[in-house]
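# Commentary on secondary and tertiary structure
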Amino acid sequence: MPNIKPVSDLRNYNEVLRDVDSGEPVFLTKNGRGRYVILDMEEYEKLNATMKLMSELEKGERSARENGFVKSEDVKRMLGRD
């Protein structure tokens, strides 16, 4: 279940930070609407790595659509694994 708190709870930020675990972000609301997220540093790094990977995969897919796909046999030959 998501951990949702009003942003005003940051007055007692130590308590809010205690609730942040890896994979368990704290969502902060302002005027009853979601506004901020507090993440564990490890979770933040995983999120960034995932976004970079997805970006690189998208570049590869775009390249394949524009320039054509390489056959698996050709890849094996290029890698010297005939």
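So, about the nonpolar core. Listed in full, the five residues of the largest apolar core are V16, V20, V26, L28 and I38. The residues contacting V26, other than those within four sequence positions of it, are N3, K5, V16, D19, V20, Y36, V37 and I38.

This brings us to helix α2 (residues 41–67). Over its 27 residues, α2 runs 39 Å from end to end, which matches the ideal 39 Å to within 8%, given 1.5 Å per residue. Put simply, D40 is the residue that caps the front of α2, since its side-chain oxygen is 3.0 Å from the backbone nitrogen of E42. The positive-phi residue at the C-terminal boundary of α2 is G68, with phi of around 95 degrees.

Once that is clear, we can look at the side chain of T29. For T29, the position within the fold is in strand β2 (residues 26–30). When neighbours within four sequence positions are excluded, T29 is seen to be in contact with I4, K5, P6, V7, G34 and R35.

Before going further, it helps to spend a moment on the environment of L17. Of note, L17 is situated in helix α1 (residues 13–18). For the pair L17 and L79, spaced 62 residues apart in sequence, the C-alpha to C-alpha distance is 49 Å.

What follows is about unusual backbone geometry. The phi angle at N31 is positive, at roughly 55 degrees, despite the residue not being glycine. Tracing the backbone through its elements, the reader meets N31 in the loop between β2 and β3 (33–38). Take N31: its relative accessible area is 75%, and that puts it in the exposed class.

Basis of the calculations
- Residues numbered from 1 in each chain as written.
- Predicted model: local features only at pLDDT ≥ 70, side-chain atom pairs only at ≥ 80, totals over all residues.
- Heavy atoms only, no water.
- Core = buried A, V, L, I, M, F, W, Y, C linked by side-chain atoms within 4.5 Å.
- Buried < 20%, exposed > 50% of the residue type's maximum accessible area, 1.4 Å probe, protein only.
- Contact = heavy atoms within 4.5 Å.
- Helix = DSSP H or I, 4+ residues; strand = E, 2+ residues; numbered from the N terminus.
- Expected span 1.5 Å × (residues − 1).
- Polar contact = N/O pair within 3.5 Å; in protein donor to acceptor, adjacent residues only side chain to side chain.

Read these as spatial facts, not as claims about activity.
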